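# Coordinate inspection notes
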Amino acid sequence: MKNPSLRDRFVSRLIEYSKKNKNLFLLTGDLGFSVLEPFREENPKRFFNMGVSEQNMMGVAAGLSLEGNKVFTYSIANFATSRCHEQIRNDICYHDLDVTIVATGGGLAYGAHGYTHHGIEDIAIMRCLPNMTIYVPSDRFELDFCFDKILQNKGPKYLRLARGKESDIYQKPIPENIDIVEIEKCSEITLLVCGPILDQAIECSKHFKNKGINIGLYSLPIISQSLSLKIKRLLGRSSIFMTVEEHKNIGGFGSFISELAIGMSRPPRIISCGVSPKNINSIGNQEHLRKINKIDKSALIKTISKLLRTL
Amino acid sequence: MSKSQTLAIQLKKDVVNMLNRAQASHTGGCLSCLDIVSVLYQEILNIKPNKPKSPNRDRFILSKGHTGAVVFATLANKGFFPKSWLDTFCENESKIPGHIDSHGILGVELSTGSLGHGLSVGVGMAISLKYRKTKANVIILLSDGEMNTGSTWEAVMFASHHKLNNIISVVDKNKIQSFGRTKEIIDLDPLGRKWKSFGWKVYEVDGHNHKKLKETFLRAKKSRTKPVVIICDTVKGKGIKDMEDKLISHYRPPTDEETKTIMEEIK
Ligand SMILES: Cc1ncc(C[n+]2csc(CCOP(=O)(O)OP(=O)(O)O)c2C)c(N)n1
């Protein structure tokens, strides 16, 4: 049998968990066609299509959670974050509630649908909220890794999925006792990557490996202040870090890493690669938009080659 | 055949071609509002391609931005930009993406795609037009799924409170949204009575009957004291048999076969 897509994997994990935990609820903002039906069939009383009403959805999620339930909401990145930000801020985060906001279309996954559908500021506006943990899995294995942590985490969470059909990057499950996945050991230049753009970074690091040059590579599927110490320790081990994310290069993963670096006595140099604000109305598919924003494999190789020449 | 019907036939061809070529979604909602848009652009709206920024123009907002293909096709047919652009719909470096966008396009007032924005922006325009004593109208095309959004109802209340009689809202009531039938998700009915109780003048009309649509729009423009809503009874996926009144029409592009049939049907 073919491997299930990342999105289907998420739903099957949720169904599996709903059998054990009878306090699990799933709310959707009129999305999830051909994805969420199995959950609805299994749990008709714990599933609600809230309609196109994301603000209401987040308030209702908070109410369910205050009554002791574990709640998941499902929508597209901007509708799940920007549209209902204050409900998330006040009702869910301020009260530190067990709500997981699941978004699809994180990054540039919606391609030619245009700017209204590009989830490229979501991490920035979720990251600044109290008690919030962000999960950005790059493939099924990272999804499983994140999902296990989500089940244990009783606070507000943002699970950012992209197209939901990303192919496998890893070959085996990620051990649960780590938070940062080492793919290539630190070297003079090290890539720190968040989310499905990881496949491009891996290709890039392979390119240099074939030439006998080691480029460090780490995947960070979790963004949380609780990882500060671990990340700072990692930041002490290279002189240059390049952060890569499918998100604006303002306020997201690169900013998260830079903020931690600023607090170090000898901060490394950090180069942040992400979606440039000047490209927001470019039109094209995901691959094309990645290229324009210089976060595809070839652009990353170019950036690193240039850097290497300056060393 | 009326001029708007002729336009509708052309639009149907263009839109089905665009969606098929680009393998794009939202076929159902495009086909349900196509007659409404044809009548608006052919008979009602005062918008001229040679003066797209004229202060006296009517303002049209497509609030259900996911059906931008219909408006792009209309603007191309009306001469706002070259028709060849339609062949690039959703392509890399195109000017016309999947959701309606105003960047680099003349004739589009507002980029939308997130539901529940259009009416509020329309209210802002209507206030300004009144302030400047401009006799233009603001016409906003909404979907019925959009009637779930709280922001829309905020604007509904505000518009009638301020007697914005230069606003015409049009609801494409095709009774299906993204993940089910409107009746099963949040039953909107009686939708007309809801708008009425919020202080609007309400018309309900067959959204595929050009003659009735035209008459109703003309009547709506004469409203003296109240904003007007025209609730259009429509069929999602209208004109493609396997899509009519089906949820799948929200996702599936027209097949090659269906596209061919449409082209032949309306030569
Ligand atoms: C705020 C917001 N939430 C969710 C969506 C995703 N979405 C796109 S279309 C749609 C509903 C489709 O039904 P309807 O609005 O009635 O449009 P139509 O049937 O006319 O195509 C949804 C939920 C969105 N565009 N905006």
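The rules behind each value
Residues numbered from 1 in each chain as written. Chains lettered and ligands numbered in written order. Predicted model: local features only at pLDDT ≥ 70, side-chain atom pairs only at ≥ 80, totals over all residues. Pairing = 2+ DSSP bridges. Helix = DSSP H or I, 4+ residues; strand = E, 2+ residues; numbered from the N terminus. Near = placed C-beta within 6 Å. Nonpolar A, V, L, I, M, F, W, Y, C, P; charged D, E, K, R; others polar. Domains from an automatic or database assignment. Contact = placed C-beta atoms within 7 Å. Right-handed = clockwise from strand over helix to strand, strands pointing away. pLDDT = per-residue confidence, 0-100. Axes fitted to C-alpha atoms, helices over the stretch in contact; angles between N-to-C directions.

### Some thoughts on the sheet that holds strand β4 (residues 99-104) of chain A
All names here are of chain A. Ordered by their spatial adjacency, seven strands build an open sheet running β2-β1-β3-β4-β6-β5-β10, and the pairing between neighbours is mixed. Sheet topology places β2 (47-49) and β10 (222-223) at the edges, where each strand pairs with a single neighbour. For strand β5 (residues 133-135) and β10, the ladder comprises two bridges, and the chain directions are antiparallel. Pairing of tyrosine 135 across the sheet is with isoleucine 222, part of β10.

### A short note on the site of the ligand
Residue and element names in this part refer to chain B. Taken together, the neighbourhood of the ligand is formed by 29 residues, with Gly29, Leu115, Ser143, Gly145 and Gln177 sitting nearest. A per-element tally of the shell around the ligand places helix α2 (residues 27-44) first, with three residues. Residues of the shell around the ligand, tallied by class, amount to six nonpolar, 15 polar and eight charged.

### Thoughts on the environment of arginine 132 of chain B
Tracing the sequence through the fold places arginine 132 of chain B in the loop between α4 (118-131) and β2 (138-143). Sequence separation between arginine 132 of chain B and proline 55 of chain B is 77 residues, and the spatial gap between their C-alpha atoms is 9.8 Å.

### Some remarks on the domain arrangement of chain A
All names here are of chain A. Splitting chain A by domain gives domain 1 (6-160) and domain 2 (181-310). Opposite the 22 residues of domain 1 that make contact, domain 2 presents 26 residues. The set of elements that each furnish at least two residues to the side of domain 1 that touches domain 2 consists of α6 (122-127), β5 and α7 (140-152). Considering only residue class, the side of domain 1 that touches domain 2 consists of 13 nonpolar, six polar and three charged.

### Let's talk about the interface of chain A and chain B
Contacts between the two partners involve 24 residues from chain A and, on the opposite side, 29 residues from chain B. Counting residues per element, the ones that place at least two in the side of chain A that touches chain B are α3 (54-66) and α4 (77-81) of chain A.

### Describing the pairing of strand β12 (residues 269-275) of chain A
Residues and elements named next belong to chain A. Inspection of the sheet shows strand β11 (residues 240-248) paired to β12 by six bridges, in the parallel sense. Across the sheet, phenylalanine 241 pairs through a bridge with isoleucine 270, a residue of β12. For the handedness criterion, the β-α-β arrangement of β11, helix α10 (residues 253-262) and β12 is classed as right-handed.

### A closer look at the confidence of the model for chain B
Mean pLDDT for chain B: 97, with 100% of residues reaching 70 or above. Scored as a whole, the predicted complex attains pTM 0.97, and scored at its interfaces, ipTM 0.95.

### Description of the sheet that holds β2 of chain B
Residues and elements named next belong to chain B. Sheet architecture is open: five strands sit in the order β1-β2-β3-β5-β4, paired in parallel fashion. Edge positions in the open sheet fall to β1 (59-62) and β4 (201-206), since each of these has one partner strand only. Between one strand and the next, the sheet's axes are offset by a mean angle of 20°, whatever the strand orientation. Pairing of β1 with β2, which is carried by four bridges, proceeds in the parallel orientation.

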